[in-house]
Structures are given as structure tokens and as C-alpha cells.
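What the coordinates show
Here is how the chains run, residue by residue.
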Amino acid sequence: MESRGTRFLLVIAGLLMLWARLPAVGAINAQTAVQETSAFAEAVGMPFGEGVETVMEAAEGPYGDRWTVKYFDFSEVTVDAADGSVVTAINRAAVEEFMAQPTTVAITEAAAVASASEIAKLMGLPFDSAELYDVELNEFAADELYQWHVRWVRTADGIPYESDMAIVMLDPNSGQFLGAGKAFWSSAPESVEVRVKESQALGIAREHAQRLGIQEADVPPSVELRIVQPNNYWGPGEVVAPKYGSPSRAAWVVNLRSPSSLGGEGAAADKVFWIDAANGELLGGTQSMGPTHISGAPSAQSRTSVSGKGGLFLPLVGAGGFVLVVTGSVLLRGRRRRLRIGSAR
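Residues numbered from 1 in each chain as written. Predicted model: local features only at pLDDT ≥ 70, side-chain atom pairs only at ≥ 80, totals over all residues. Heavy atoms only, no water.

**A few points about the pairing of strand β10 (residues 249-259)**
Of all the eleven residues making up β10, ten are buried; the element is thus mostly covered by neighbouring parts of the structure. Strand direction decides the pairing type here: strand β9 (residues 222-228) and β10, joined by seven bridges, are antiparallel. Bridge pairing in β10 links E224 to V253. Examined bridge by bridge, β10 and strand β11 (residues 267-276) share nine bridges and lie antiparallel to one another. Of the residues in β11, the one forming a bridge with S258 is A269. (Buried < 20%, exposed > 50% of the residue type's maximum accessible area, 1.4 Å probe, protein only. Helix = DSSP H or I, 4+ residues; strand = E, 2+ residues; numbered from the N terminus. Pairing = 2+ DSSP bridges.)

Shown next as C-alpha cells:
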């Protein structure tokens, strides 16, 4: 029986079929899209063959034009209409098999990284501007179903992007490819010059927080250098929604934890300010939608990087957005709870 999420995706696909299917001038056509997706599917062991359905998805929000090629309900691959590189893929046949049995972890972390790296190459991931970010076992259902998640973050002059990343998901028992996504959609930065010191950026962020009436919780703030797309989140004026090709700049990402009246004692919310690393200008930022606890614990948004670097604050539209597309409703059944490497039974 189809879930509501699956029916929703089918409705969206039906609406997209009503849109113009011709790609932009100079982009790949439907036939080439099928060739690219078929080659990728064969390489990763996804079912693919005659009878595929091809839909042109016009540029929207942070994404450019894309071709989505669907093989019945077994598998689906989306490629960039500009160059044919894989944007998202989901092996629904393998996912159903994975969901039908409890997880056993037979694939080591090193093997998962090696296999995922080969898949990322097939996706066209530019390894000269991508850095391995983390490797995790993720639990997706209450009956202890885990997947290997291997992620990369995009970099410019060694500075990580705030919201450009890629992920490959594998069955930890068989190593079978389950899904993947790549969101390297930001433009190259207009500037990576760092004239403003970290301490100065923190002071500037605090000045803006005071102006907005934001109080800090009794916990140290975090300050990290990132490539961001200015969004004018904290004003004045309207918030600017980043779009495909929007300019980006190097900025100090300052996370000030603010006490929250929601969530009980020790609850706080993330208040994130983007301070231009070249001139100290406030470029925008974001904030958490709900409270997180601060009593001796790191931010709920933090991630442990295998490279030893700090965590990224990854907004939904930049990171989770394509993950939701990749996983689909079949992977989002039940609760989602992170399990760190080495914690699986």
C-alpha cells in the first residue's frame, strides 16, 4: 500500500509532467539524460531498463534545470540538465529489501568510505573541491534499521561551504547502494579574503544580537569560517531566498545560543549570524526552529567530522532538502535518530 508520502511524490511528478520538457539552450536532452542515468544505475547495481519515464524539472529555488528518469517504482535518478552529472538517486528496490530485515553491520567504516567514494566519482563529485566530512551509522526506524552515511562538504580555498554537500547511503550488511544526493549549487565566492578576525566577528555579531533584543545563554558561542550565500535574514528589509547562481562570500558563522522559553530548563535556540570575513558586514544567517538543550552538551546542529574540523550548521534547503528527495517516504518511516560510529550492536 502506498504511503501518503509516496502518493505526494507521485502527485508532484504528475504536475512536473505538465511543465515544458525542453531543456535550456545548450543543456543535455532527454535521450542523453537516459543514457547518463542508465550508465550510473548499471554501475551501482540499480534496476534500470526499458520503460523509463523522463521528466524535465525546471530551475526552482537553489536548483538548476534537472532531468529525472524513473524506472517504474524500482529506482530513480536525477541529473543536472547542464552537464548530466547525478544530483540524486534512490534504489527503491534495495531499500525495500533493506527495510525487511534487521540491520547487521558487516561492512566496516573503511569499506563504506571506499565504496561510497567510488559512487561519488560516478556522480561527478569534484574531489578537488570536496572534503570528506563525516561517516555515520544512521537509524531510520524504531526497529533498529541502520545505514552507512558518507558525506562530503564542498570547499573553496579550503573553506567549507555552509550548505553545499553530498551524501551516499549504503546497506551496512551487504554494502548495497541505497541512495545519494549532491547539492553543490552555490556560486563560487566573490571573495575569500579574511580581514576580520574571529574575535572581531564575534563582537559584531553580539552587537547585532543586542540590537535585536537577543540574550545569550550561559554557554560559549561557536565561530567558524564558511562560504555562505547572503540572505539578509536579520534585516533590515526583506529576507532574500538564495537561488541557483546566487553570489556567495566567505563569512564568519557565529552561533550565539539564546535561552528559550520552550523545552524546559536548560533549553536554548541557535541564533546564527553571518559576518563578512572581508569587511565585517552582516550578510544574514539563520536560527533553529525549536529549542535545543545546552546543559553540558554541544549544539544539536553540530557534527563530528572525520577530518577533525568543527561542525557545520546545515539549513534544510541546503542539506536536508536533497536528502529528503533522495530518501523519499520509504526511508522516513518512523523516527529518525542518529547513532554514532561504534554504537551499533
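**Here we look at the nonpolar core**
Core analysis: the largest hydrophobic core is formed by 37 residues, its most contacted members being F40, W152, V168 and F177. Broken down by element, this core gets its largest block of residues, five residues, from helix α4 (residues 109-122). Discounting residues that sit within four places of it in the chain, V168 has contacts with A116, I119, A120, M123, W148, H149, V150, W152, F177, G179 and A180. Counting 21 residues, the second-largest nonpolar core is a separate cluster that includes I159, I214, I227 and L282. (Core = buried A, V, L, I, M, F, W, Y, C linked by side-chain atoms within 4.5 Å. Contact = heavy atoms within 4.5 Å.)

**A short note on helix α2 (residues 30-44)**
Compared with the 21 Å implied by 1.5 Å per residue over 15 residues, the 21 Å span of α2 between its first and last C-alpha is a close match. For α2, the complete set of buried residues consists of A33, T37, F40, A41 and V44. For α2, the angular spread of the buried residues around the axis is 100°, confining them to a single face. Along α2, the residues that are exposed and aim more than 90 degrees away from the buried face are Q31 and E42. Turning to α2, the residues buried within the fold contact β2 (66-71), β3 (75-80), β4 (86-91), α4 and β8 (177-183). Backbone geometry just downstream of α2 places G45 in the positive-phi region, at approximately 80°. (Expected span 1.5 Å × (residues − 1). Arc of directions from axis to C-beta.)

**With respect to empty space enclosed by the protein**
Using the criterion set out here, one finds one cavity of 30 Å³ or more in the structure. The calculated volume of the largest cavity comes to roughly 50 Å³. (1 Å grid on protein atoms, 1.4 Å probe; cavity = no way out; pocket = protein on both sides within 12 Å on 5 of 7 lines; lining within 4 Å. Points joined across faces, edges and corners; volume = space filled by probe spheres on them.)

**Looking at the packing of aromatic side chains**
Within the structure shown, the criterion is met by eight aromatic pairs. With a centroid separation of 5.1 Å and 70° between ring planes, the pair formed by Y71 and F72 is classed as edge-to-face. Judged by relative accessible area, which is 15%, Y71 ranks as buried. Ring centres of Y233 and W234 lie 5.0 Å apart, and the angle between their planes is 80°; this geometry places the pair in the edge-to-face category. By relative accessible area, Y233 is classed as partly exposed at 24%. Looking at W234, the relative accessible area reads 11%, which means it is buried. An aromatic cluster is defined as three or more aromatic residues linked by ring pairs; in this entry it consists of F48, Y71, F72 and F74. The aromatic ring of Y161 is capped on one face by R154, whose charged end is 4.2 Å from the ring centroid. (Phe/Tyr/Trp six-rings, centres within 6.5 Å; stacked < 30°, edge-to-face > 60°. Lys NZ or Arg CZ within 6 Å of the ring centre and 35° of its normal.)

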